[in-house]
Structures are given as structure tokens and as C-alpha cells.
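Inside the fold
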Amino acid sequence: EVAALLDVQDTLLGVGGESLLSTEALRHVVTRLSDEGLTIEVFAMDGAPLFLGDTDTPTPLLTEVMAALARVSNMVTNPVAVTASTRTRTVLLRDDPVWTLTMSWAAQSQILLQQGGMPTTRFRRVTGQGASQPAVEIPFARRNDRVEVTFLRMNGQRG
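Structure report, in brief. (Residues numbered from 1 in each chain as written. Predicted model: local features only at pLDDT ≥ 70, side-chain atom pairs only at ≥ 80, totals over all residues. Heavy atoms only, no water.)

A tally of regular secondary structure across the protein chain gives four helices and five strands. At 15 Å, the protein chain has a C-alpha radius of gyration in line with the 15 Å of a compact globule built from 159 residues. Taking the principal axes of the C-alpha coordinates as reference, the protein chain spans close to 45 × 30 × 30 Å. A buried classification covers 43% of the 159 residues belonging to the protein chain. (Helix = DSSP H or I, 4+ residues; strand = E, 2+ residues; numbered from the N terminus. Rg over C-alpha atoms; globule rule 2.2 N^0.38 Å. Buried < 20%, exposed > 50% of the residue type's maximum accessible area, 1.4 Å probe, protein only.)

The following block contains the structure:
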């Protein structure tokens, strides 16, 4: 199963061949293999967001990455989890909109994957984490705006 997940990673990133992603998109993607599975993290940078403003409208960058992920997803049968997170906002509000926003980001990412051909039955979790799990130390950093797609391990079953 690990070898199959690493093949997904290598095909997406172009290890040993041509990447499915543009050079610009590759700058926004990191992967990690853990006990949970293979996580592909897509993150924003200053001047290169994943969504337009504070909406759930995906940018061409996110659309490109999700389309490529949908293409490589057929290499394995593992279930999938989608999680979205954002940076901390400078103003504290009674009804913090980041929870709703990140849930919308995760749902839109799921839709993009489905439009690319990933079956609905593969999704096990689609969650928004608000700003509760920053990726970097500076909680206000744009880098904390991200979507993670995890190909979940199948408890020893072949993927």
C-alpha cells in the first residue's frame, strides 16, 4: 500500500518524469506520508491565494491542482479525506466566519475532485478546521490558508 501511495505522489509531482502540475502550481504543493496515509497539501502564498478573497470560489491554481489529484486518484482505491484551514484573522468576532469559510473551502475542493472524476463514494471526511491548526508558527501568515487531501490507509488492505 505504501508503494502505491508513493507512486501517486511521484506521478503528481513528476518524480522521475514530467509533473502533472505547472511549475507555479508545484510551488504550492507539499506531500507527507504518515500513519493516516498520503497527504497532499495545497497552500496559498502572498499574491497567490487558493480562493478569491474571503469566498469559496476557487482560483485557477487550486482548480489545476485538484484536477491533477483527481487524475492520479485512480491509481489507488483508498478512501479520501479533505480538510481546509485558514490563517488567523486580526479581528476577533463573536461569530467567527473562518469555520464556515473553511468548511466551504473543503466542500468546494471535494466538488473539484468529483468534477475531475473522483467518485463520491471515496470521500470519508470533508472538514473545515478554521484557524485552529496553523501550518507555520506565524498564525497570520498566508501559508496557513490550505487544503489537504489525504489518501487514507486501508488498514493493511492493498490500495
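Attention now goes to the pattern of salt bridges. All chains considered together, the criterion is met by eight salt bridges. A salt bridge links Asp-145 to Arg-87; the nearest nitrogen and oxygen atoms lie 2.3 Å apart. Separated by 58 residues along the polypeptide, Asp-145 in the loop between strand E4 (123–128) and strand E5 (146–152) and Arg-87 in the loop between strand E3 (80–85) and helix H4 (98–115) bring together distant segments of the chain. Look at Asp-145 and you get buried, because its relative accessible area is 3%. Taken together, the salt bridges that share partners define one network made up of Arg-32, Glu-41, Arg-143, Arg-146 and Glu-148. (Salt bridge = Lys/Arg side-chain N within 4 Å of Asp/Glu carboxyl O.)

Below, the discussion takes up the packing of helix H3 (residues 60–72) against H4. It is at 8 Å that the axes of H3 and H4 come closest, and there the two elements cross at 50°. Taken as axis vectors, H3 and H4 run oblique relative to one another. The handedness of the crossing between H3 and H4 comes out as right-handed. Contact residues: Leu-62, Thr-63, Met-66, Leu-69 and Ala-70 in H3; Ser-109, Leu-112 and Leu-113 in H4. Class assignment for the residues of the contact of H3 with H4 results in six nonpolar, two polar and no charged. (Axes fitted to C-alpha atoms, helices over the stretch in contact; angles between N-to-C directions. Parallel < 35°, antiparallel > 145°, perpendicular 65-115°, else oblique. Left-handed = near helix turned anticlockwise from the far one by under 90°. Contact = heavy atoms within 4.5 Å. Nonpolar A, V, L, I, M, F, W, Y, C, P; charged D, E, K, R; others polar.)

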